[in-house]
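# Report on the structure
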Amino acid sequence: MAEIVIIGCGGVASVAIQKCAKKADVFSEICIASRTISKCDALKEKLEGTTEAKITTAKVDADNVEELIALLKKEKPKAVLNLALPYQDLTIMDACLACGVDYIDTANYEAEDTEDPEWRAAYEKRCKEAGFTAYFDYSWQWAYRERFEKAGITALLGSGFDPGVTSVFSAYALKHYFDEIHRIDILDCNGGDHGYPFATNFNPEINLREVSANGSYWENGHWVETKPMEIKREYDFAQVGKKDMYLLHHEEIESLAKNIPGIQRIRFFMTFGQSYLTHMKCLENVGMLRTDPVVFEGREIVPIQFLKTLLPDPASLGPRTVGKTNIGCIFTGVKDGKEKSVYIYNVCDHQECYRELGSQAISYTTGVPAMIGAMLVMKGTWKRAGVFNVEEFDPDPFMEALNEYGLPWVVEENPVLVD
Ligand code: NDP
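Residues numbered from 1 in each chain as written. Predicted model: local features only at pLDDT ≥ 70, side-chain atom pairs only at ≥ 80, totals over all residues. Heavy atoms only, no water.

Residues annotated by UniProt as "domain: Saccharopine dehydrogenase-like C-terminal" (unreviewed entry) correspond here to residues 160-407. Taken end to end, residues 160-407 has its terminal C-alpha atoms 12 Å apart, with 35% of it in helix and 30% in strand. (UniProt positions renumbered as here; feature names shortened; annotations may be inferred. Helix = DSSP H or I, 4+ residues; strand = E, 2+ residues; numbered from the N terminus.)

Before going further, it helps to examine the pattern of salt bridges. Counted by the stated rule, this structure contains 23 salt bridges. Salt-bridge contacts for Glu3 lead to Lys78; the nearest nitrogen and oxygen are separated by 3.2 Å. Separated by 75 residues along the polypeptide, Glu3 in the segment before β1 (4-7) and Lys78 in the loop between α3 (65-75) and β4 (79-82) bring together distant segments of the chain. For Lys78, a relative accessible area of 45% translates into the label partly exposed. Note that Glu356 and Lys19 form a salt bridge whose closest N and O atoms lie 2.6 Å from each other. In this pair, Glu356 sits in helix α13 (residues 350-357) while Lys19 sits in helix α1 (residues 11-21), placing the two residues 337 residues apart along the sequence. Relative accessible area serves as the criterion here: at 7%, Lys19 is assigned to the buried category. Look at the salt bridges and you will find they share partners, linking Lys19, Lys22 and Glu356 into a network. (Salt bridge = Lys/Arg side-chain N within 4 Å of Asp/Glu carboxyl O. Buried < 20%, exposed > 50% of the residue type's maximum accessible area, 1.4 Å probe, protein only.)

A word on the packing of aromatic side chains. On inspection of all chains with the given rule, the structure shows 21 aromatic pairs. With a centroid separation of 5.1 Å and 40° between ring planes, the pair formed by Phe198 and Tyr276 is classed as tilted. Of this pair, Phe198 sits in the loop between β7 (180-190) and α9 (204-211) while Tyr276 sits in helix α11 (residues 274-285), placing them 78 residues apart in sequence. Across the ring face of Tyr196, the terminal group of Arg320 is positioned such that the distance to the ring centre comes to 3.7 Å. (Phe/Tyr/Trp six-rings, centres within 6.5 Å; stacked < 30°, edge-to-face > 60°. Lys NZ or Arg CZ within 6 Å of the ring centre and 35° of its normal.)

Let's shift gears to a negative patch on the surface. A cluster of like negative charges, contributed by Asp61, Asp63, Glu67, Glu112, Asp113, Asp116 and Glu118, occupies part of the molecular surface. Here Asp61 lies in the loop between β3 (54-59) and α3. With a relative accessible area of 32%, Asp61 lands in the partly exposed category. (Patch = residues over 30% accessible without salt bridge, like charges linked within 9 Å, V, L, I, M, F, W, Y side chains within 5 Å. Areas by Shrake-Rupley, 256 points an atom, 1.4 Å probe, with all protein chains shown as cover. Lys, Arg positive; Asp, Glu negative; His and termini not counted. Charge placed at Lys NZ, Arg CZ, Asp CG, Glu CD.)

If you check the shell around the ligand, you find 28 residues, and the closest are Arg35, Thr36, Lys39, Ala62 and Asn203. Interatomic distance of 2.8 Å between a backbone N/O atom of Val12 and an oxygen atom of the ligand. Interatomic distance of 2.8 Å between a side-chain N/O atom of Arg35 and an oxygen atom of the ligand. When the ligand is considered free in solution it has 930 Å² of accessible area, and contact with the protein chains removes 93% of it. (Near = heavy atom within 4 Å. Polar contact = N/O pair within 3.5 Å; in protein donor to acceptor, adjacent residues only side chain to side chain.)

The following block contains the structure:
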């Protein structure tokens, strides 16, 4: 029996699990379940003697619904926190539905094989109708809404940093600072340096697929698509300094466009150094970012998965990464008939994260909100039957928890805007 089953035991999960273990009054029994059980056992061993929570481990293939159902029937948890990969979102949601268990994740569904004909047909229809070509979108998970409502269980989507904290910042700004928000610029700055010429700070496959795709933003009720890295701006980030940032498609734009009434434009920018961009372009040009199988010496391999085995494991970057992240949102809109702008952001120090939990700041800034989302669902604070994005709930308890569990935020009035 477990209060919560946490699926995945990578960079983000390791932070979330350690944070849950510190909060044993809510997470009294934690089952860590993943594909490679040795990673789960190693984390359990690290936690033993430091927590009052009872920790167990299990091996599960989260692509297999029957295996997941068997695990949930055995553990009978209140909730499942999905920190595996976006490929597993739907199978885990299916298992939660079958067992009447609440569901929380940090990333929206993405197909692993983008050449699969059935998926491809649905994708191409969506590209035409919605007007953006990213491989990931919320339609797959939003389609579960009625089934979750009928089952009386909650699915909380996107409880990481972006999506997640940036979405909660938006709900908080709307609740406390604006009558109407017209523009949101989400700025994701990683000022960290790990000393490698090229490495990704979360799962390489997911990261490279996201970054090498077309950019897009929401304007006046529709998507505007750009070429990858076509729109570049410079911004002077508090505690980090001046950085180049590029417009990307990002999943919270899709849900915020639905959930923030009166919104006129939403853009997402992420900082990248020149070395990262040059390496990525080269890998793309030679076919190493391909997600479909190719035959090599008589067996099939997927180039991007092979590349992942060559790159540094993001979880290993912790000891060598120095510097800070600064992630937040600039809002412009009106309050009492007057135009105003507000910037809400968090600054997180890679080395402080490493000292606290042995991880770098990207895993930390995702793992902490994942724990907070799970805690709010399990305590009943954020509990409604259906499928919800985080900005659909009252932001205040989440914002308080960010301050309490390691991600304090700052509100700056009249910030420098991005043109
Ligand atoms: P990692 O690759 O470090 O970890 C993924 C974990 O999932 C690994 O333990 C892996 O097992 C496990 N896993 C993969 N496939 C399966 C499967 N079929 N069955 C069971 N377990 C499986 O990724 P990260 O920790 O960097 O990222 C985790 C999630 O967080 C991703 O969905 C990512 O998109 C999301 N994310 C969200 C962010 C946000 O701000 N919202 C930011 C960063 C990440 P194994 O050890 O065997 O490989």
